[in-house]
Amino acid sequence: MNLPVFRFAPSPNGLLHLGHAYSALLNRDMTEAAGGRLLLRIEDIDPGRCTPDLEQAILEDLHWLGVRWEGAVRRQSQHLPDYARLLARLQAGQLVYPCFCSRGDVRAAVAAGGPDWPRDPDGAPVYPGTCRNLPPARVSEQLASGQPHVWRLDMKVAVAGLGGTLRWSDAGEDGAIRDISADPAAWGDPVLARRDVPTSYHLSVVHDDALQGITHVVRGRDLYFATSLHRLLQELLGLPAPVYRHHRLILGEDGRKLAKSAGSASLRDLRETGHSPEDIRMLVGLSPPRGSTAMPPP
Ligand code: GLU
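Keep in mind that what you see is a predicted model, and the values were worked out from it rather than measured. (Residues numbered from 1 in each chain as written. Predicted model: local features only at pLDDT ≥ 70, side-chain atom pairs only at ≥ 80, totals over all residues. Heavy atoms only, no water.)

Attention now moves to the site of the ligand. What surrounds the ligand is the set R7, A9, P10, S11, E43, Y201, V205, R219 and L223. In this structure, R7 approaches the ligand through a side-chain N or O atom, which is 2.8 Å from an oxygen atom. Contact distances for the ligand include 3.0 Å between a nitrogen atom and a side-chain N or O atom of S11. For the ligand, whose unbound accessible area comes to 300 Å², protein coverage reaches 78%. Across the shell around the ligand, the residue classes break down as five nonpolar, one polar and three charged. (Near = heavy atom within 4 Å. Polar contact = N/O pair within 3.5 Å; in protein donor to acceptor, adjacent residues only side chain to side chain. Areas by Shrake-Rupley, 256 points an atom, 1.4 Å probe, with all protein chains shown as cover. Nonpolar A, V, L, I, M, F, W, Y, C, P; charged D, E, K, R; others polar.)

Quick look at the structure:
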């Protein structure tokens, strides 16, 4: 029998905070309950923001929290050729196109389109499609001259090739599995390979979830809409679809998502001010682990 495989996949671009702790502990608890395996993946494709020191801090924090993983840690930055190969498959299928627009070019085109310009599920303006149908000779010339570019998914072409509606199974907070229909088109033509690295979060995550045999993806609700795009990529690339669970987010006192940039306390701060791993469980609303001697809240 194949055991369920879970993963925790942080990006080392800041210290972990309570939101990460909730995700890591929930993955750990669900792995234990399912008698499965938990893997750790470091999503460090962003060379400008991810550092080895921050990765080390993540490993220490997880260790302190009591989250253990099986086998070697997968570091995405060490596998860029894998993602480049996946991109090459999309290129061969003419499902992606190079986009030479700078951020300023996109901003100007969007501004010219007026105030009602469509936005993607993350709130960013949908790409206006400037480079979607450039003459092939011009594309070859610009590529040959080394002009900086990203690779975008040609969404119209990608969804046109689908047999029917894309769906995924999502386990709610109550554990009931819901059948969700995906809406990848809401993303417009998303970037699948950046200027600086031959990949993106979306491409690497579907690659690694498949490669590592992940059967259960447990992550925050902030990635709920990204799952539509992940399902599309899985379909285009013949990769299996895990079961998803998008858990509640731990919000700050101001009701906003926790973030280092917003000054949220890191797990390290909490540890240094005397909090225990059991306190962290309670702070994120998880019941104490079995056999814990921690007192319930009054
Ligand atoms: N690396 C992502 C993050 O830290 C998580 C990706 C995922 O769980 O799919 O937000």
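Residue placement: H230 occurs in helix 8 (residues 226-237). For H230, a relative accessible area of 1% gives the class buried. Excluding residues that lie within four positions of it along the chain, H230 makes contacts with Y201, H202, V205, V206, R219 and Y244. (Helix = DSSP H or I, 4+ residues; strand = E, 2+ residues; numbered from the N terminus. Buried < 20%, exposed > 50% of the residue type's maximum accessible area, 1.4 Å probe, protein only. Contact = heavy atoms within 4.5 Å.)

Among the structural elements, T31 can be located in helix 1 (residues 18-34). From its side chain, T31 meets the backbone oxygen of N27 in a polar contact 2.6 Å long. Not counting the four nearest positions on each side in its chain, T31 is found in contact with F6, G36, R37 and L38.

This next bit is on the sheet that holds strand 8 (residues 191-193). Read from one edge to the other, the open sheet built from three strands follows the order 4-5-8, with strand pairing classed as antiparallel. The sheet terminates laterally at strand 4 (96-99) and strand 8, the two strands that pair on one side only. Mean inter-strand twist for the sheet, computed between neighbouring axes without regard to direction, equals 45 degrees. One ladder, built from two bridges, connects strand 5 (residues 150-153) with strand 8; its direction is antiparallel. Each bridged residue has a counterpart across the sheet, and for W151 the counterpart in strand 8 is A193. (Pairing = 2+ DSSP bridges. Axes fitted to C-alpha atoms, helices over the stretch in contact; angles between N-to-C directions.)

Most of strand 9 (residues 216-220) is tucked away, with four of its five residues classed as buried. Pairing geometry for strand 9 and strand 10 (residues 243-247), over five bridges, is parallel. Pairing of V218 across the sheet is with R245, part of strand 10. The parallel pair strand 9 and strand 10 is bridged by helix 8, and the resulting crossover is right-handed. (Right-handed = clockwise from strand over helix to strand, strands pointing away.)

On to the nonpolar core, then. Grouped together as the largest cluster of nonpolar side chains are 32 residues, with contacts concentrated most on L90, V96, L153, L232 and L237. Of all the elements in the fold, those that place two or more residues in this core are helix 3 (80-92), strand 5, helix 6 (155-160), strand 8, helix 7 (201-211) and helix 8. Looking at which element gives the most residues to this core, the answer is helix 8, with five residues. Beyond its immediate stretch of four places on either side in the chain, L232 contacts L153, M155, A158, V159, L162, L166 and P184. Listed in part, the 25 residues of the second largest apolar core include F8, L25, L59 and L65. (Core = buried A, V, L, I, M, F, W, Y, C linked by side-chain atoms within 4.5 Å.)

This brings us to unusual backbone geometry. Despite not being glycine, Q94 has its phi angle at roughly 55 degrees, a positive value. Relative to the helices and strands, Q94 is located in the loop between helix 3 and strand 4.

Inspection of the entire model under this criterion finds two aromatic pairs. Judged by centre distance (5.3 Å) and plane angle (65 degrees), the ring pair of W168 and Y224 falls under edge-to-face. Taken together, the residues W168 in strand 6 (residues 167-171) and Y224 in the loop between strand 9 and helix 8 connect sequence positions 56 residues apart. For the residue pair W168 and Y224, the accessibility class agrees, reading buried in each case. Ring centres 5.3 Å apart and planes at 85 degrees place the aromatic pair Y224 and F225 in the edge-to-face group. Overall, Y224 belongs to the buried group, its relative accessible area being 15%. (Phe/Tyr/Trp six-rings, centres within 6.5 Å; stacked < 30°, edge-to-face > 60°.)

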